[in-house]
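Topology and contacts: notes
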Amino acid sequence: MTRRALLIINPISGTIPKDGLTERVRQRLAPAGFEIESETTRYAGHGGELAARAAAEGYDAVIAAGGDGTVNEIASALRSSQTALGILPYGSGNGLARHLYGSIDIDNALGIIARDHVEACDYGTVNGTPFFCTFGLGFDASVSREFAQLPTRGLGTYIVSALREYLKFSPTAYEIRTGEQTMNVKAFIVAVCNASQYGNNAFIAPKASIRDGLLDITIVHAGNPLTRAIAGVELFTGRIDRNILIQTMRVRSAVIRHLPAPGHIDGDPRTMPETLDVMCHPADIRLFTDPDKPRFKPFITPMESLRDDSSYLVREGTRLAVRNIKGKLSKLLTLVLASPLFMK
């Protein structure tokens, strides 16, 4: 049975070229019965418009080629529909794609989509605005704001942004109310997580699940520069939830009060009002998932993901180099065949 899928490409996301992506997707997914149409976004919000149209027209799937911002825009349009979302991680962080697929390997993501294993998954909202990976306040939000203002993307740029903010950021006071419990904390970060990581293998909520009907709140308490630095290291080992500065809870909803300050929704910086209503929406977005994805293990899972990322980047670099060489040779051959000497 043929299934219709719309590939939506954000041409400016990430740093890896997307030349020839439509044909690559068609070649990989055609044997699995997918008929691929392709659209390229032209302005902010265009991806959401295209996805909403695909859902209204009964497409079986939408495949988002871009970063977490692109994914958020497209996923927001697919909520409560029967159209499944697949992700090709072409962004800077790729938090949701990494949570679902384990790495940024495009071939691996296409393989998972080809298996056509779809599950009804959760998402969160803050004051009605959806997030599918993480919503954050504090240091991580300030880093997102700094990162968004820089002209380049990638992990190196993100690290530079984080170091700049770390030197000047001060912890903030929060009131967090969950059901009958109210707590007042001074925190470096308050992160509300649907998925396990921000992106770039930074696991802010290692045990988070997108299928449990709950959101994981991770509070990084104020501490001091040394203890916060240790927590920062453990963010990348998958053990941050065991750090002495960390407090975690799982909730269906919460109310967070703070002084109006920067926040982020799936990495997109926003200015947040004083009162924030956070809510989980269970099983309301259909996602392509990997039924054989191994259970998360501290140290091991981050190392395996780093290995897979490195292997993919080498393969992709080689593929692009070969493609460029073939293109140049083809142009050279055309010039030679068209030259007067050859024509004689």
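Shown above is the structure to which this text applies.
Only a predicted model underlies this, so the values are computations on that prediction, with no experimental measurement involved. (Residues numbered from 1 in each chain as written. Predicted model: local features only at pLDDT ≥ 70, side-chain atom pairs only at ≥ 80, totals over all residues. Heavy atoms only, no water.)

Observations regarding the nonpolar core
Rules: In this text, buried Ala, Val, Leu, Ile, Met, Phe, Trp, Tyr and Cys residues form a nonpolar core when linked through side-chain atoms within 4.5 Å. Burial status follows relative accessibility: with a 1.4 Å probe on protein chains alone, a residue under 20% of its type maximum counts as buried, one over 50% as exposed, and anything between as partly exposed. Contact criterion: two residues are considered in contact whenever any of their non-hydrogen atoms come within 4.5 Å of each other.
Counting 49 residues, the largest nonpolar core has Leu 7, Val 25, Ile 63, Leu 85, Leu 88 and Tyr 101 as its most contacted members. Filtering out sequence-adjacent residues up to four positions away, Ile 63 remains in contact with Ala 5, Leu 6, Leu 7, Ile 8, Val 25, Leu 29, Ile 36, Gly 86, Leu 88 and Ile 113. With 23 residues, the next largest nonpolar core counts Phe 135, Val 185, Met 249 and Cys 280 among its residues.

Observations regarding the side chain of Asp 68
Under the convention used in this document: Numbered from the N terminus, helices here are DSSP runs of H or I no shorter than four residues, and strands are runs of E no shorter than two. For the purpose of charge, His is not counted, nor are the chain termini; Lys and Arg are scored as positive and Asp and Glu as negative. Here, a salt bridge means any Lys or Arg side-chain nitrogen found within 4 Å of an Asp or Glu carboxyl oxygen. By the criterion applied in these results, polar contacts are pairs of N or O atoms within 3.5 Å in which, for protein atoms, one can donate a hydrogen and the other can accept it, and in which residues neighboring in sequence qualify only through two side-chain atoms.
Examined against the element boundaries, Asp 68 turns out to sit in helix 3 (residues 68–78). One buried charged side chain, Asp 68, makes no salt bridge at all; its nearest oppositely charged neighbour is Arg 98, positioned 7.7 Å away. Of the polar contacts made by the side chain of Asp 68, one reaches the backbone nitrogen of Asn 94; its length is 3.4 Å. Here the side chain of Asp 68 touches Gly 95 through a polar contact of 2.8 Å, landing on its backbone nitrogen. What Asp 68 contacts, discounting residues up to four positions off in sequence, is Gly 93, Asn 94, Gly 95, Leu 96, Tyr 198 and Asp 266.

As for the packing of helix 2 (residues 46–56) against helix 3
The angle between the axes and the distance between the axes are what describe a pair of packed helices. Operational definition: Note on definitions: angles span 0 to 180 degrees between N-to-C directions of axes, and those axes are lines fitted to C-alpha atoms, for helices only across the stretch in contact. When describing relative orientation, an angle under 35 degrees is termed roughly parallel and one over 145 degrees roughly antiparallel, while 65 to 115 degrees is termed roughly perpendicular and anything else oblique. Less than a right angle of anticlockwise turn of the near helix away from the far helix marks a crossing as left-handed, whereas a clockwise turn marks it as right-handed. For this scheme, ten residues count as nonpolar: Ala, Val, Leu, Ile, Met, Phe, Trp, Tyr, Cys and Pro. Four count as charged, namely Asp, Glu, Lys and Arg, and the remainder, Gly too, count as polar.
Packing of helix 2 against helix 3 leaves a shortest axis separation of 8 Å and a crossing angle of 30°. Taken as axis vectors, helix 2 and helix 3 run roughly parallel relative to one another. Handedness of the helix 2/helix 3 crossing: right-handed. Contact residues: His 46, Gly 47, Gly 48, Ala 51, Ala 52 and Ala 55 in helix 2; Glu 73, Ile 74, Ala 77 and Leu 78 in helix 3. Looking at the contact of helix 2 with helix 3, its residues break down into six nonpolar, three polar and one charged.

Interpretation in functional terms is not warranted from these geometric data alone.
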